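Structural overview
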Amino acid sequence: MQHGPAVRRRKLGEELRKLRHAAGLTSRCAGALAGWHQSKVSRIETGASGVKAADVRLLLDVYEVDDPHLRTLLETLAGAAGGNGTPWWHAYRGLLPPEYRDFISLEAQACSVRTLETSVVPGLLQTPAYARAVTRATLEELPDATVESLAEVRITRQAVLRAREPLKLRVVLDEAALRRQVGGPRVMREQLRELVRSARLPHVRLQVLPFSVGAYVGLANSFVIFSFPNTSDLDVVVLDHLTSSLHLERAEDLEVYSAAFTTMQARALSAVDSLDLIATLMDDA
């Protein structure tokens, strides 16, 4: 099973190793020219450790790489691989499985997210009470303190929507997620109210897939498409399963899921009509 940043560290390492070979340098020589020990070059190339974008720039200078697109791609890849300092979710490393930490890392680095959700409200739009109810329902055996911490992580993730350059979020949401009484009527009224508020943000677009569309591609599997600044070469699709996540980075996979999302947007209600439906459900709740 592939996991986002870990895969990206290896991908970055492979590309840097190829460039070192093309430059005719051994890892010892490359380290010496960069002012490092040979072991640092080896750790970067094997993906054993993260690397900062500044270190990537230094290696590219050593390898005399002038291609601006390639430089931008590899520097961005360094950030996507988690090489720019200790992230906030590191404090929860004993609580969160690696695939969830990878998901949060991708979310934090992305400039836009497209998500199809078939059963629950996306984590970036959940209220604390809804987040606790979903966590409790899906992980019944956990103690209350752990459920509270996991809900806290989900709410903390939402900072990407309040950043100076906020994440651009596009959501296609199955009507079922709006009607399912997660946490009871009071929790759902609050959640529906939050959806209306969030959907009015300029960087958020929410569309509802009504029951009237019938079956559709993606009905059985929710998915998320992460896009990153400067280049589409780093885009990744994440398929979420009950106990794991699958990351797809091949161009052909991205094309299929991007096309599926575009199709779902076309079949869904408009953003305005979606808000009207949510408002109606909120009044009836």
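Going by the structure above, here's the rest.
Notes on the structure follow. (Residues numbered from 1 in each chain as written. Predicted model: local features only at pLDDT ≥ 70, side-chain atom pairs only at ≥ 80, totals over all residues. Heavy atoms only, no water.)

Section: the overall build of the protein chain
Assigned secondary structure in the protein chain consists of 12 helices and 6 strands. Here the C-alpha coordinates of the protein chain stretch approximately 70 × 40 × 35 Å along the principal axes. The buried share of the protein chain, taken over its 285 residues, is 51%. Summarising the internal contacts of the protein chain: among those between residues at least 6 apart in sequence, 73% fall at separations of at least 24. For the protein chain, the accessible surface area stands at approximately 14000 Å², while carbon and sulfur atoms represent 52% of it. Across the protein chain, the 34 positively charged side chains and the 34 negatively charged ones have centroids separated by 4 Å. (Helix = DSSP H or I, 4+ residues; strand = E, 2+ residues; numbered from the N terminus. Buried < 20%, exposed > 50% of the residue type's maximum accessible area, 1.4 Å probe, protein only. Contact = heavy atoms within 4.5 Å. Areas by Shrake-Rupley, 256 points an atom, 1.4 Å probe, with all protein chains shown as cover. Lys, Arg positive; Asp, Glu negative; His and termini not counted. Charge placed at Lys NZ, Arg CZ, Asp CG, Glu CD.)

Some details on the sheet that holds strand β5 (residues 236-240)
With mixed pairing, 6 strands are arranged side by side in an open sheet as β3-β2-β1-β4-β5-β6. Every interior strand has two partners, whereas the edge strands, β3 (204-209) and β6 (245-248), have only one. Strand-to-strand twist across the sheet, computed as the mean angle between neighbouring axes with direction ignored, equals 15 degrees. Across 4 bridges, the pairing between strand β4 (residues 223-227) and β5 is antiparallel. Pairing of Phe226 across the sheet is with Val236, part of β5. (Pairing = 2+ DSSP bridges. Axes fitted to C-alpha atoms, helices over the stretch in contact; angles between N-to-C directions.)

A closer look at the side chain of Thr115
Secondary-structure assignment places Thr115 in strand β1 (residues 112-117). Judged by its relative accessible area of 3%, Thr115 falls in the buried class. In contact with Thr115, other than residues within four places in its own chain, are Pro122, Leu169, Arg170, Val171, Val172, Phe223, Val224 and Phe261.

Overview of helix α10 (residues 185-199)
An α-helical segment advances 3.6 residues per turn. Residues three or four places apart therefore align on the same side. Its 15 residues place the ends of α10 21 Å apart at the C-alpha level, agreeing with the 21 Å of an ideal helix rising 1.5 Å per residue. Of all the residues in α10, the buried ones are Val187, Met188, Gln191, Leu192, Glu194, Leu195, Val196, Ser198 and Ala199. Buried residues belonging to α10 abut α7 (128-138), β2 (168-174), α9 (175-179), β3 and α12 (271-284). (Expected span 1.5 Å × (residues − 1).)

Remarks on the pairing of β3
Counting buried positions along β3 yields 5 of 6 residues, so the element is predominantly enclosed. Across 6 bridges, β2 lies against β3 in parallel orientation. Residue pairing for β3: Leu173 is matched across the bridge by Val208.

Focus on the environment of Arg170
Among the structural elements, Arg170 can be located in strand β2. Since its relative accessible area comes to 22%, Arg170 is described here as partly exposed. Arg170 sits 55 residues away from Ile225 along the chain, and the two C-alpha atoms are 9.7 Å apart. Among residues more than four places away in sequence, those in contact with Arg170 are Val113, Arg114, Thr115, His203, Val204, Arg205, Phe261 and Gln265.

With respect to the packing of helix α2 (residues 27-34) against helix α3 (residues 38-46)
At their nearest, the axes of α2 and α3 sit 7 Å apart, and the two run at 110 degrees to each other. By the criterion of interaxial angle, the relationship of α2 to α3 is roughly perpendicular. Classified by chirality, the crossing of α3 by α2 is right-handed. Packed against α2, whose contacting residues are Ser27, Arg28, Ala30 and Gly31, the element α3 presents Gln38, Val41 and Ser42 at the interface. By residue class, the composition of the contact of α2 with α3 is 2 nonpolar, 4 polar and 1 charged. (Parallel < 35°, antiparallel > 145°, perpendicular 65-115°, else oblique. Left-handed = near helix turned anticlockwise from the far one by under 90°. Nonpolar A, V, L, I, M, F, W, Y, C, P; charged D, E, K, R; others polar.)

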